[in-house]
Amino acid sequence: VTWNALIGGFAQNGQVKAAFKSFEEMKDDGFHPNVVTFTCLLKACGNMRAIDKGQKIHAQIEKLGLLEVYTCIGNFLLDMYAKCNMLEESHEIFFTLPRRDVVSWTALMSGYVKHNHGELALSCLRQMESEGTCPNEVSFVCALKACASIRDIHKGYQIHDEIVRRGMLGENTVLGNALVDMYAKCGMLGKAKEVFDKLPKRDVISWTVLISGYSQQGLGHEALHFFQRMQDEGVSPNVVTYIMVLKACGIVGSLEVGQEIDMKVRNRGLLQKDVVLGTALVDMYAKCGDMPRAEKALLQLPVRNVVTWSAVIAGYSEHEKANEALHCFEQMQSEGISPNEVSFICILKACGSIRDIEKGKQIHDQIASTGLLRKHIVLGNALIDMYIKCGSLEDARSVFEGVVERDVVLWGVIIAGYVESEHVSSVIQLYKEMREEGIMPSNTIFISILKACSIIRTIDQGRHIHQDI
């Protein structure tokens, strides 16, 4: 018992190595591990994603035959594998359990939700109920998260009704928060607010999920309104609240509120601990057009990553300060940080705005070497747009021809480029090729084609396009 207390303490505080060291010392002292020992170690392995150690514990459990006796051991095992993103192993253990209870089902559901398999999580809920196992609070929270992740508002309504029917909402803030979050993520902000207003008790998570919902939907003023109400009720914001409020400030250009948040997070020392919060601060200043403060905030961060750098590069590109964007792009790489698709798109926009085709070609070569072009079609769009703005239709067409899966946006970019350059015969040919590939033109493409017809005054072509519309 004393050894288990020590191992459990280390495990609970995320000190996996210390927990396993104590485990080995306990065995050296002649004590045999029991169910509690193994559950503590499995929990530590899951929380710290220490799959190698978890598999060793699994082997010992199998050797001792504990899975056939203790359901709780199986639950901790499948939870450990789920947290380590080894869902097949988790699934296999689940179906080998001699007895499955609500904890077993919920652990499996939780694993699916954490790794963005919302449909599978909801399938588990249906199967669990069909086998006569009643979902508990945690099961419903997982199910609501699954509904939010796949935007299944219909199923969300059904689960809400079931929770109310069983009288589970009451004083249960966790379930109430999950409902608010589900409705907000499904875009049902009116329903989210209705549930929020009926909560008997609202904590920082309740307020944060509501503020987040409005921010994510681009409703910055409403998000800031609820942030003010939250403070009026004496609820202290957490890091996620600040991130969402900074996003809202960026949406509406509220530099004054953004600066207030900046001061608060610095006074609480939060920027030293959270790179996501630092990125949100940099992004807020960039979106509000205060690039000197954005860059200053970036350089003051204890840790900078590609996302924080990309926020500043994007800000300079959006405000037509291409040279500054290029400088930041080079500085980021000098720190050993590799660009991602967002930073590449922003810097290509900067190259196009100042017609710097040489730098654009260098960036193109860099993108090609990373293999990102095959994964992100938006990079193809950005490259074509850059070459067109630099006056190199040949390079733009070469990139276009090299893209295997061309979508309507890519066709729109190349067609618009040829129209602007008044290469009208090529525009008509591109339009025909697009239709042959089975791509349905967008309104933007139709406008470009009709503009091309007006340039060369071809009424017959114009009529033909008009019939397509």
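Residues numbered from 1 in each chain as written. Predicted model: local features only at pLDDT ≥ 70, side-chain atom pairs only at ≥ 80, totals over all residues. Heavy atoms only, no water.

**A closer look at the side chain of T308**
As for its placement among the helices and strands, T308 is situated in helix α19 (residues 306–318). For T308, a relative accessible area of 0% gives the class buried. (Helix = DSSP H or I, 4+ residues; strand = E, 2+ residues; numbered from the N terminus. Buried < 20%, exposed > 50% of the residue type's maximum accessible area, 1.4 Å probe, protein only.)

**Section: the packing of aromatic side chains**
This model, assessed by the stated rule, comprises 9 aromatic pairs. Ring centres of Y157 and Y183 lie 5.6 Å apart, and the angle between their planes is 55 degrees; on these two criteria the pair is classed as tilted. Here Y157, found in helix α10 (residues 153–165), pairs with Y183, found in helix α11 (residues 173–185); they are 26 residues apart in sequence, far enough to count as distant. With centroids separated by 6.1 Å and ring planes inclined at 55 degrees, the aromatic side chains of F329 and F344 adopt a geometry described as tilted. (Phe/Tyr/Trp six-rings, centres within 6.5 Å; stacked < 30°, edge-to-face > 60°.)

**Things to note about unusual backbone geometry**
Across the chain, the bulk of peptide bonds are trans and the bulk of non-glycine residues have phi less than zero. Residue N116 is not a glycine yet carries a positive backbone phi of 60 degrees. Here N116 shows up in the loop between α7 (102–114) and α8 (118–130). Judged by its relative accessible area of 62%, N116 falls in the exposed class. Even without glycine at this site, R151 takes up a positive phi of about 55 degrees. Mapping R151 onto the fold places it in the loop between α9 (137–150) and α10.

**Considering the environment of A294**
Counting through the fold element by element, A294 comes out in helix α18 (residues 291–300). On the basis of relative accessible area, A294 is assigned to the buried category, the value being 0%. Setting aside chain neighbours within four positions, we find A294 in contact with V282, Y285, A286 and V312. (Contact = heavy atoms within 4.5 Å.)

**Notes on the pattern of salt bridges**
Evaluated as defined, the whole model comprises 23 salt bridges. When the shortest N-O distance is used, the salt bridge between K193 and D197 registers 2.8 Å. Residue K193 and its partner D197 are located together in helix α12 (residues 189–198), separated by 4 residues, close to a single helical turn. Accessibility expressed as a relative area gives 27% for K193, which makes it partly exposed. Residue classification places D197 among the partly exposed residues on the basis of a relative accessible area of 37%. Close ionic contact of R202 with E233 constitutes a salt bridge, the shortest N to O distance being 3.2 Å. Within this pair, whereas R202 is found in the loop between α12 and α13 (204–216), its partner E233 is found in the loop between α14 (220–232) and α15 (239–252), the two being separated by 31 residues in sequence. Overall, the relative accessible area of 22% leaves R202 in the partly exposed class. Among the charged side chains, a network of salt bridges with common partners joins R397, E401, R406, E433 and E437. (Salt bridge = Lys/Arg side-chain N within 4 Å of Asp/Glu carboxyl O.)

**A closer look at the nonpolar core**
Grouped together as the largest cluster of nonpolar side chains are 156 residues, with contacts concentrated most on I61, I159, I384 and I415. Among the elements that take part in this core, α9 stands out by supplying 8 residues, more than any other. Not counting residues up to four positions away in its chain, the partners in contact with I61 are F38, L42, L66, L67, I73 and L77. (Core = buried A, V, L, I, M, F, W, Y, C linked by side-chain atoms within 4.5 Å.)

**Regarding the packing of helix α2 (residues 16–28) against helix α4 (residues 51–64)**
Where α2 meets α4, the axes come as close as 12 Å, and the angle between the chain directions of the two elements is 30 degrees. Overall, the two elements α2 and α4 adopt an arrangement that is roughly parallel. As for how α2 packs across α4, the hand of that crossing is left-handed. Residues V16, F20, F23 and K27 of α2 touch α4, and the partners they reach there are K53, I57 and Q60. Its residues placed into classes, the contact of α2 with α4 shows 4 nonpolar, 1 polar and 2 charged. (Axes fitted to C-alpha atoms, helices over the stretch in contact; angles between N-to-C directions. Parallel < 35°, antiparallel > 145°, perpendicular 65-115°, else oblique. Left-handed = near helix turned anticlockwise from the far one by under 90°. Nonpolar A, V, L, I, M, F, W, Y, C, P; charged D, E, K, R; others polar.)

**Looking at helix α24 (residues 393–402)**
Listed as buried for α24 are L393, A396, V399 and F400. One side of α24 carries all its buried residues, which in axial view fall inside an arc of 125 degrees. Looking at α24, the residues exposed on the side facing more than 90 degrees away from the buried face are E394, S398 and G402. Contacts from the buried residues of α24 go to α22 (357–370), α23 (377–389), α25 (408–420) and α26 (424–436). (Arc of directions from axis to C-beta.)

**Some details on the side chain of S392**
The residue S392 is located in the loop between α23 and α24 in this model. For S392, a relative accessible area of 13% gives the class buried. Non-local contacts of S392, meaning those with residues more than four positions away in its chain, are made with I357 and Y387.

**Looking at the packing of helix α20 (residues 322–334) against α22**
Helix-helix packing is characterised by the crossing angle of the two axes and by the distance between the axes. In contact at an axis separation of 13 Å, α20 and α22 are set at 35 degrees when each is read in the N-to-C sense. At the point where α20 passes α22, the crossing takes the left-handed sense. Between α20, through L326, F329, E330 and Q333, and α22, the contact on the second element is made entirely by K359, I363 and Q366. When the residues that make up the contact of α20 with α22 are grouped by side-chain class, the tally is 3 nonpolar, 2 polar and 2 charged.

**Things to note about α19**
For α19, spanning 13 residues, the distance from its first C-alpha to its last is 18 Å, which sits close to the expected 18 Å at 1.5 Å a residue. Among the 13 residues that make up α19, 10 are buried, leaving the element largely enclosed by the rest of the structure. Among all positions of α19, only V306, T308, W309, S310, A311, V312, I313, G315, Y316 and S317 are buried. On its buried side, α19 packs onto α17 (275–287), α18, α20 and α21 (341–353). Among the residues of α19, the N-terminal cap falls to N305, whose side-chain oxygen and the backbone nitrogen of V307 are separated by 3.0 Å. (Expected span 1.5 Å × (residues − 1). Polar contact = N/O pair within 3.5 Å; in protein donor to acceptor, adjacent residues only side chain to side chain.)

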